[in-house]
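# Structural overview for review
One-letter residues, chain by chain:
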Amino acid sequence: MKVRLGLPKGSLQEATLQLFSRAGLPIFTSARSYLAATADPEIECMLIRAQEMARYVEHGVLDAGITGLDWVVESGLEVVRVSDLIYAKQSRGKVRWVLAVPEKSTFERAEDLENAIVATELVNVTRTYFERKGVSVKVEFSWGATEVKPPTLADAIVEVTETGSSLKANHLRIIETVLESNTQIIANKGAWEDCCKRRKIENLALMLRGAMEAQDRVGLMLNVREEDLNAVLSVLPALKKPTISRLSDDEWLAVNTVIEESTAWQIIPRQKEAKAQGIVEYPLNKVVM
């Protein structure tokens, strides 16, 4: 049994390969090939543009794939949405498809764009967006460099953004959000009904989510006398509750928890002040919730 997995080629490629590596399944790619190898003999990988992923998954060429919700919605195809993977090419957050216009234009709302030309890669979603608002516009497909088209080639654009910096650099301002999107694992319906393939895809999703949860977090271990435990716990955040176990010396306890890495430099000195000893900070590979 082999699972044919599609990985996004392009802007999401590097972030995806890094995520797989952190999850314990490094992907080996070649600049001259769209095929990729893994250490798992049951997984075959192919690099596919995110915009096309849903088509190949729905048609059964791929059993599963990683792509954005935006391109799944845009395709209108029926695939199984297995799991959200909240990461992007620059951040761990969602991205937005926004309606943007020139800074000096008089447009303030989508309704102001009656009979206007809107350029975008996300044609179907954009048409649906304006139809729901009852606004008649001409939506044109953009092959790239969409930000430079207003005002000469288009009155407005619908473009994806994480930070909005590229839009500002091109003297555009956002007036509305059309769609929020995040990366997802999707699966072919037939593959999802195959119990072996489904289990493999679910396990893959579990490990990828675990790697994401571990990002920017560290483990923290320390020892403390039982009489000082409450003072230590009062300054110790945790995912749920810390693990506490008794040491060979009945007066001492071991405390183990997970914290945000950025807070460690504040928490560790406070733990020392609360009479904790043997404090150890250690990196995490995965946190499975």
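Scroll up to find the structure.
Predicted, not measured: the structure shown is a model, and the values here were computed from it.

### Some thoughts on unusual backbone geometry
- A cis amide bond, omega 0 degrees, links Pro 150 with the succeeding residue Pro 151.
- Relative to the elements of secondary structure, Pro 151 occurs in the loop between strand 9 (138-141) and strand 10 (156-161).
- Non-glycine residue Asn 115 carries a positive phi angle of around 65 degrees.
- Within the element layout of this structure, Asn 115 appears in the loop between strand 7 (95-102) and strand 8 (117-120).
- On the accessibility criterion, Asn 115 (62% relative accessible area) is exposed.
- The backbone of Asp 216 sits at a positive phi, close to 70 degrees, despite the residue not being glycine.

### Some words on the packing of helix 1 (residues 13-22) against helix 7 (residues 195-214)
- As a packed pair, helix 1 and helix 7 sit with axes 8 Å apart at the nearest point and diverge in direction by 95 degrees. One way to sum up the angle between helix 1 and helix 7 is to call them roughly perpendicular. Seen from helix 1, the contacting residues are Leu 19, Phe 20 and Arg 22; seen from helix 7, they are Leu 204, Leu 208, Ala 211 and Met 212.

### Observations regarding the pairing of strand 15 (residues 252-260)
- For strand 15, the buried fraction is high: seven of the nine residues fall into the buried class.
- Bridge count for strand 13 (residues 217-225) against strand 15 is nine bridges, and the pairing is antiparallel. Considered in strand 15, the bridge of Arg 217 is made with Glu 260.
- As judged from the four bridges shared by strand 14 (residues 243-246) and strand 15, these two strands associate in the antiparallel manner. Within strand 15, the residue paired with Ile 244 across the bridge is Val 255.
- Count of turn residues in the strand 14/strand 15 antiparallel hairpin: five residues.

### Observations concerning a nonpolar patch on the surface
- There is a patch of nonpolar side chains on the surface, built from Leu 206, Met 207 and Val 288 and spanning about 220 Å² of accessible area.
- Val 288 sits in the partly exposed class, given a relative accessible area of 48%.

### So, the packing of aromatic side chains
- Counted under the stated rule, the structure contains three aromatic pairs.
- Taken together, a centroid distance of 5.7 Å and an interplanar angle of 90 degrees make the contact between Trp 71 and Trp 97 edge-to-face. On the criterion of sequence distance, the pair formed by Trp 71 in helix 3 (residues 69-75) and Trp 97 in strand 7 is long-range, its members being 26 residues apart. Of the two residues examined, Trp 71 and Trp 97, each falls in the buried class.
- With a centroid separation of 4.8 Å and 90 degrees between ring planes, the pair formed by Phe 141 and Trp 143 is classed as edge-to-face.
- When its relative accessible area of 80% is taken as the criterion, Trp 143 is described as exposed.
- Directly above the aromatic system of Tyr 34 lies the positively charged group of Lys 9, at a separation of 5.1 Å from the ring centroid.

### A word on the pattern of salt bridges
- Within the structure shown, the criterion is met by 16 salt bridges.
- For Glu 260, the salt bridge identified is with Arg 217, shortest N-O distance 3.2 Å. Placement of Glu 260 in strand 15 and of Arg 217 in strand 13 is noted, with a sequence separation of 43 residues between them.
- For Arg 217, a relative accessible area of 18% gives the class buried.
- Connected through salt bridges with shared partners, the residues Arg 4, Asp 63 and Lys 197 form a single ionic network.

Reading the values: the criteria
- Residues numbered from 1 in each chain as written.
- Predicted model: local features only at pLDDT ≥ 70, side-chain atom pairs only at ≥ 80, totals over all residues.
- Heavy atoms only, no water.
- Helix = DSSP H or I, 4+ residues; strand = E, 2+ residues; numbered from the N terminus.
- Buried < 20%, exposed > 50% of the residue type's maximum accessible area, 1.4 Å probe, protein only.
- Axes fitted to C-alpha atoms, helices over the stretch in contact; angles between N-to-C directions.
- Parallel < 35°, antiparallel > 145°, perpendicular 65-115°, else oblique.
- Contact = heavy atoms within 4.5 Å.
- Pairing = 2+ DSSP bridges.
- Patch = residues over 30% accessible without salt bridge, like charges linked within 9 Å, V, L, I, M, F, W, Y side chains within 5 Å.
- Areas by Shrake-Rupley, 256 points an atom, 1.4 Å probe, with all protein chains shown as cover.
- Salt bridge = Lys/Arg side-chain N within 4 Å of Asp/Glu carboxyl O.
- Phe/Tyr/Trp six-rings, centres within 6.5 Å; stacked < 30°, edge-to-face > 60°.
- Lys NZ or Arg CZ within 6 Å of the ring centre and 35° of its normal.

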